[in-house]
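# Chain and residue survey
Spelled out, the chains give:
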Amino acid sequence: MKTIISGIQPTGNLHLGNYLGTLAKWNEYQTEYKCFFPIVDLHAITAGFINKETFKNNIYKSLAAYLATGLDPKKSIIFQQSNIAEHCELFWILSNIAQMGKLNRMTQFKSKSPENQQHAVLGLYAYPVLMAADIILYNADLVPVGEDQIQHIELTNDIIGSFNHHYQENILKNIQPLLQNSSKRIMSLRNGENKMSKSEESDMSRINLTDSKELIHKKILKAKTDLYYNLDQDLDKRPETQNLVNIFSSLTKESEIDIQKQYRSQGLKKFKQDLAEIIIEHITPIGKAMNEYYNDKNYLDNILSNGKSKASEYAERNLNNIKNIIGMI
Ligand code: AMP
Ligand code: TRP
């Protein structure tokens, strides 16, 4: 059975981009693969330390989202990354393989660092190496992520290649991204050039999984579009409208061409109204379940504690294996 790992940073409300880009598929993998789903809080602190209560609550929120979208702690290993110390230990080992020249090419570092690069923290720069450690620690084969993470997967394979080459053994397995072919990157509702993200200031730029019906409706009707009346003209030059068609198609599984045909004579307003209804139908049940899980902290604590003991078994064994090859033990 192949192994899968994927995680989301607990940095606030999860949104439609997280859902369509990755979460929506995770529950389907559970029967076919051995699955590890960490809540990657060590990655979250690369964006800066925050209030203690908010930090803890963000972890609960992410866990609630994992459960509400169908992850089952009986089938998958769901845990908090910082509970397993081996992530940091392997990170350090890999830091001595990962080359700065490769890290310099990572676009996420560039886009997330402050304007004055001298103020960017080491953790943000080293972030992809910690991600490589997450993946290698569980001997994963496949990593389901959104398109924006491909660079990090390639870096992980580079590190694996260098390690294997040095020790002349095929000890670490190459990994593959598992992209969802149905949905590309979901973009901001305010600017079709930026991805939908938790960190964009305006809440109108994203659909959060916990948004109410009314709010979803308002956000979609106010979503930026353009001066064209129809959907079937020059869509490739209209990033905001293209994004809405992509969301429609990802949720309904209808092809973009069919959607364009369907709305040819109906105009953008009708399209937006229907899109809002489709999003509401998919998202509000998830939001409701998230709130229910979020309010049961005992249950959530229990899942994290079980996840910790299960994950640590694998982490300990695999790290020891690597340390053995290096000659540390
Ligand atoms: P993050 O919110 O950056 O921790 O991302 C968690 C997961 O959601 C990753 O696999 C990302 O690739 C995916 N993701 C985040 N934002 C988007 C987006 N706007 N469109 C598609 N996938 C996304
Ligand atoms: N870097 C990923 C993101 O921002 C999150 C992540 C951390 C991850 N470790 C991982 C994803 C390991 C897959 C596997 O979305």
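Up top is the structure.
Description of the structure in this document. (Residues numbered from 1 in each chain as written. Chains lettered and ligands numbered in written order. Predicted model: local features only at pLDDT ≥ 70, side-chain atom pairs only at ≥ 80, totals over all residues. Heavy atoms only, no water.)

## What to know about the site of ligand 1
Around ligand 1, 16 residues are found, and the nearest of them are Asn18, Gly146, Asp148, Ile186 and Met196. Between an oxygen atom of ligand 1 and a main-chain N or O atom of Gln9, the distance comes to 3.3 Å. In the environment of ligand 1, an oxygen atom lies 3.0 Å from a nitrogen or oxygen atom belonging to the side chain of Lys198. Burial of ligand 1 by the surrounding chains reaches 93%, relative to a free accessible area of 480 Å². Tallied by class, the residues present in the shell around ligand 1 amount to four nonpolar, eight polar and four charged. (Near = heavy atom within 4 Å. Polar contact = N/O pair within 3.5 Å; in protein donor to acceptor, adjacent residues only side chain to side chain. Areas by Shrake-Rupley, 256 points an atom, 1.4 Å probe, with all protein chains shown as cover. Nonpolar A, V, L, I, M, F, W, Y, C, P; charged D, E, K, R; others polar.)

## A look at helix α10 (residues 239-252)
For α10, with 14 residues, the first-to-last C-alpha span of 20 Å sits near the 20 Å given by 1.5 Å per residue. For α10, a buried count of 11 out of 14 residues is recorded, marking the element as mostly surrounded by other parts of the structure. Within the span of α10, buried status applies to Glu240, Thr241, Asn243, Leu244, Val245, Asn246, Ile247, Phe248, Ser249, Ser250 and Leu251. One or two residues past the end of α10 sits Lys253, with phi positive at roughly 65°. (Helix = DSSP H or I, 4+ residues; strand = E, 2+ residues; numbered from the N terminus. Expected span 1.5 Å × (residues − 1). Buried < 20%, exposed > 50% of the residue type's maximum accessible area, 1.4 Å probe, protein only.)

## A look at the packing of aromatic side chains
For the structure shown, the criterion picks out 12 aromatic pairs. Centre to centre, the rings of Phe248 and Phe271 are 5.4 Å apart; their planes meet at 20°, and the pair counts as stacked. Residue Phe248 is located in helix α10, and its partner Phe271 is located in helix α12 (residues 267-294); the two are separated by 23 residues in the primary sequence. Cluster of aromatic residues (ring-pair linked, three or more members): Phe36, Phe79, Tyr138 and Tyr314. (Phe/Tyr/Trp six-rings, centres within 6.5 Å; stacked < 30°, edge-to-face > 60°.)

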